[in-house]
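Coordinate inspection notes
Residues per chain, in single letters:
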Amino acid sequence: MGIALPALTPAQESLFLTLGGRALDSRLPHPFLGDAMADEILGRTGYDLSRFPALASRLMDERTRVFDIAVRAKRLDEVVGGFVARHPGALVLDLGAGLDGRVFRVDPPDGVEWYDVDFPEIVALRRHLLPERAGAHHLAADLTDPHWLDAVPADRPTVIVADGLIGFLSQDDLVALLNRLTHHFSGGDLAFNAYTTYAVWALKHLRGFAAITGGVANPGFNDPHAPERWAPRLRLVEEIFLTRAPELAHMSLGGRLAARLVAPSPTLSRMVGTTILHYRF
Ligand SMILES: C[S@@+](CC[C@H](N)C(=O)[O-])C[C@H]1O[C@@H](n2cnc3c(N)ncnc32)[C@H](O)[C@@H]1O
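A brief report on the enclosed structure follows. (Residues numbered from 1 in each chain as written. Predicted model: local features only at pLDDT ≥ 70, side-chain atom pairs only at ≥ 80, totals over all residues. Heavy atoms only, no water.)

1. Concerning the site of the ligand
The full set close to the ligand counts 21 residues, and Thr-18, Arg-22, Gly-96, Asp-118 and Asp-163 are the nearest of them. In the model, an oxygen atom of the ligand is placed 2.6 Å from a nitrogen or oxygen of the Arg-22 side chain. Between the ligand and Leu-143, the relevant distance is 2.9 Å, taken from a nitrogen atom to a main-chain nitrogen or oxygen of the residue. Computed on the free molecule, the ligand has an accessible area of 590 Å², of which 98% lies beneath the protein chains in the complex. Counting residues per element, the ones that place at least two in the shell around the ligand are α1 (10–13) and α2 (15–27). (Near = heavy atom within 4 Å. Polar contact = N/O pair within 3.5 Å; in protein donor to acceptor, adjacent residues only side chain to side chain. Areas by Shrake-Rupley, 256 points an atom, 1.4 Å probe, with all protein chains shown as cover. Helix = DSSP H or I, 4+ residues; strand = E, 2+ residues; numbered from the N terminus.)

In structure tokens:
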């Protein structure tokens, strides 16, 4: 028996796909990410993960099912962890944080201010389910609201991360958000998992994601330089292909071979695997 969950929109419910993926990863004998808190939080919600058949697909083994979710979280943790190590007085924004305890995984030094942003309904759940931590703040906001950043200090080196968010923003809302962020802060880094046109197609058409199909609002994009045109202060630093992740060494032979086949091609890697885009402004 879990807590009473509020009615969730498909975009909000999507947090259980990523939380569930990290929880299942943590149960593996040799997890990719090893976030035991994700499993504990999932258990306390009582959420029924069978709403996401993709997490139990018989077409994949148990490591393949969680690989993208767990390893992309790990790569984004590394971007944030590297930034706060270089800038001990940094500000971290986790946009569309859901019930993710990234701040506990990254464990930033004292002096870092961390803001987890999500809709008010989700922030209420966060407050109930996640432990408090010095320097970590919950910010209840709709990221499409032009004024949500007003309460966030603008004068610190800033790293912004968005894990699983941008597929749920319309193109106009995404472009407005990127411009709002890059004008509010004097400078910083931004990293998110890309939603290619193929990934958006898959989310909209594969039965395994039916619970959240209705929330997918972005058409997706395949050119990692496109955001530089939408928000001219952004510069691409790195495109990280999970088809080249060292963690693939711990996948099945089939998974390793498939990744090895597509990894040399950025186009194929973007199509079949997860990509992390890392920008600076
Ligand atoms: C796929 S979930 C990812 C959650 C979390 N980052 C994780 O990795 O578990 C997407 C999250 O984005 C949030 N979200 C989507 N659109 C939003 C908006 N306009 N404003 C605030 N949060 C939003 C949803 O509520 C949800 O928690």
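More follows now that the structure is in view.
2. Focus on the nonpolar core
Counting residues in each nonpolar core, the largest one holds 58 residues, and the members touching the most others are Leu-93, Leu-95, Leu-99, Trp-148, Leu-181 and Phe-185. Not counting residues up to four positions away in its chain, the partners in contact with Leu-95 are Val-117, Leu-143, Trp-148, Ile-160, Val-161, Ala-162, Asp-163, Leu-165, Leu-177 and Leu-181. (Core = buried A, V, L, I, M, F, W, Y, C linked by side-chain atoms within 4.5 Å. Buried < 20%, exposed > 50% of the residue type's maximum accessible area, 1.4 Å probe, protein only. Contact = heavy atoms within 4.5 Å.)

3. Looking at helix α7 (residues 171–184)
Its 14 residues give α7 an end-to-end C-alpha distance of 20 Å, which sits within 8% of 20 Å, the value for a rise of 1.5 Å per residue. If you check which residues of α7 are buried, you get Leu-174, Leu-177, Leu-178, Asn-179, Arg-180, Leu-181 and Thr-182. Where the residues of α7 are buried, they touch β1 (91–95), β4 (158–162), β5 (188–193) and α9 (226–230). (Expected span 1.5 Å × (residues − 1).)

4. Regarding a nonpolar patch on the surface
On the surface, Tyr-198, Trp-201, Leu-206, Leu-268, Met-271 and Val-272 cluster together into a nonpolar patch covering about 560 Å² of accessible area. Broken down by secondary-structure element, the contributors of at least two residues to the nonpolar patch are α8 (197–205) and α11 (266–272). For the nonpolar patch, the element with the most residues is α11, which contributes three residues. A relative accessible area of 39% places Tyr-198 in the partly exposed class. (Patch = residues over 30% accessible without salt bridge, like charges linked within 9 Å, V, L, I, M, F, W, Y side chains within 5 Å. Salt bridge = Lys/Arg side-chain N within 4 Å of Asp/Glu carboxyl O.)

5. What about the pairing of β5?
Along β5, six of the six residues are buried, which leaves the element largely enclosed by surrounding structure. Because side chains alternate across β5, one face comprises the buried residues Gly-188, Leu-190 and Phe-192, and the other comprises Asp-189, Ala-191 and Asn-193, equally buried. You can see the chain leave β4, run along α7 and come back into β5, and the turn it takes is right-handed. Pairing of β5 with strand β7 (residues 275–280) involves five bridges; the strand directions are antiparallel. Counterpart to Leu-190 in the pairing with β7 is Tyr-279. (Right-handed = clockwise from strand over helix to strand, strands pointing away. Pairing = 2+ DSSP bridges.)

6. Quick notes on unusual backbone geometry
Even without a glycine there, the phi angle at Asp-107 is positive, about 50 degrees. Structurally, Asp-107 is set in the loop between α5 (102–106) and β2 (113–118).

7. A word on the environment of Val-159
Secondary-structure assignment places Val-159 in strand β4. Owing to a relative accessible area of 1%, Val-159 belongs among the buried residues under this scheme. It is 9.9 Å that separates the C-alpha atoms of Val-159 and Tyr-279, two residues lying 120 residues apart in sequence. Excluding anything up to four places from it in sequence, Val-159 contacts Val-79, Val-80, Phe-83, Leu-91, Val-92, Leu-93 and Asp-189.

8. Some points on the packing of aromatic side chains
In total, this model carries six aromatic pairs according to the counting rule given. A centroid spacing of 6.2 Å and a plane angle of 20 degrees characterise the contact between Tyr-198 and Trp-201, whose relative ring orientation is stacked. With Tyr-198 and Trp-201 both in helix α8, this residue pair falls three residues apart, about one helical turn. In this structure Trp-201 comes out as partly exposed when scored by relative accessible area, which is 42%. The residue whose ring lies beneath Arg-63 is Phe-32, and the NZ or CZ to ring-centre distance is 4.4 Å. (Phe/Tyr/Trp six-rings, centres within 6.5 Å; stacked < 30°, edge-to-face > 60°. Lys NZ or Arg CZ within 6 Å of the ring centre and 35° of its normal.)

9. Some points on helix α4 (residues 62–86)
Under the 1.5 Å per step criterion, the end-to-end length of α4 is 36 Å for 25 residues, consistent within 8% with the ideal 36 Å. Roughly 40 degrees is the biggest bend found in α4, and it falls at Asp-68. Here α4 starts with a cap whose side-chain oxygen sits 2.9 Å from the backbone nitrogen of Arg-63, and that cap is Asp-61. (Bend = angle between axes of the 7 residues up to and from the residue.)

10. Observations regarding the side chain of Asp-100
Relative to the assigned elements, Asp-100 resides in the loop between β1 and α5. Relative accessible area serves as the criterion here: at 4%, Asp-100 is assigned to the buried category. Only 2.7 Å separates the side chain of Asp-100 from the side chain of Arg-105, close enough to count as a polar contact. What Asp-100 contacts, discounting residues up to four positions off in sequence, is Arg-22, Asp-35, Asp-94, Arg-105, Arg-126 and Leu-130.

On their own, these measurements won't tell you what the molecule is for.
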